[in-house]
Amino acid sequence: MMEFDVAARACCYRVGALYRRYSDDILIVCKPDYTQALETEIMCLITAEKLEIAPHKTEKTRFEKGQTVPRTAKAAQYLGFTFDETGAAIRESSLARQWRKMRRAIRRAQKSAMWRATAGLSGKVHTKKLYRRFSHIKIYEEGALRTLRNFSSYGRRSAEAFGTDEKITRQVRRFEQAAQREIAKLKAL
């Protein structure tokens, strides 16, 4: 799709628009006056590549400087993030998936501890893996301090990449605090 990218970028740059594509996700940011013309040109390029666009997956979001988008308006989505007038955030479905994973892992650890206790084995709840998966901790490995690669560290790197935006940081902290609370409850068993 390199020829497609060159042509799409050229038609976007001609009108001062931003063009980005990652795999099958395309993002174009332009002034409202150019929306229809750019959409027509991009669709022609897509047709020339013998590809199809799913119309139900095509989204248009309008932002106006100094004016907030009504809460009923849908935020723009791209690569797992949503963008609205207040900034970037991790997409709600991605967050929900992480919450489900965390709760499932906590339940599994709790069942394991209960089973071990009823079997007369050590009733100790093993939480090290849970901390590693669901919190932002740094570990010493081979004499160096490094951050684990998990959802929390991904969220923190994303917040840093987006700059001063605090929405992602708040989302990640809320997730980490909930994980810490659940792990603390496990330890109290």
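Residues numbered from 1 in each chain as written. Predicted model: local features only at pLDDT ≥ 70, side-chain atom pairs only at ≥ 80, totals over all residues. Heavy atoms only, no water.

Caption draft 1: Just helix H2 (residues 35-48), in detail. In a regular helix each residue adds 1.5 Å, so 14 residues correspond to 20 Å; H2 covers 20 Å between its end C-alpha atoms and thus fits that length. Where H2 is concerned, the buried positions are Leu38, Ile42 and Ile46. Down the axis of H2, the smallest arc covering the buried residues is 70 degrees, so these residues share one side. Among the exposed residues of H2, those pointing more than 90 degrees away from its buried face are Gln36, Cys44, Thr47 and Ala48. In the segment just after H2, lysine 50 is the residue with positive phi, at about 60 degrees. (Helix = DSSP H or I, 4+ residues; strand = E, 2+ residues; numbered from the N terminus. Expected span 1.5 Å × (residues − 1). Buried < 20%, exposed > 50% of the residue type's maximum accessible area, 1.4 Å probe, protein only. Arc of directions from axis to C-beta.)

Caption draft 2: Representation of unusual backbone geometry within the structure. For serine 23, which is not glycine, the phi torsion reads 60 degrees and is therefore positive. Along the chain, serine 23 turns up in the loop between strand S1 (18-22) and strand S2 (25-29). Phi is positive for lysine 50, which is not a glycine, with a value near 60 degrees. Its location among the elements puts lysine 50 in the loop between H2 and strand S3 (76-78). Its relative accessible area of 75% is what places lysine 50 among the exposed residues.

Caption draft 3: Summary view of the pattern of salt bridges. The tally for this structure, following the rule as stated, stands at 4 salt bridges. In this structure, arginine 21 engages aspartate 5 in a salt bridge whose closest nitrogen and oxygen atoms are separated by 2.7 Å. Highlighted residues: arginine 21 in strand S1 and aspartate 5 in helix H1 (residues 2-14), separated in sequence by 16 residues. Assessed through its relative accessible area of 26%, arginine 21 is described here as partly exposed. Aspartate 5 sits in the buried class, given a relative accessible area of 13%. Residue glutamate 182 is joined to lysine 185 by a salt bridge in which the shortest nitrogen-to-oxygen separation is 3.4 Å. Of the two residues, glutamate 182 and lysine 185 are both situated in helix H6 (residues 167-188); the distance of 3 residues between them amounts to about one turn of the helix. (Salt bridge = Lys/Arg side-chain N within 4 Å of Asp/Glu carboxyl O.)

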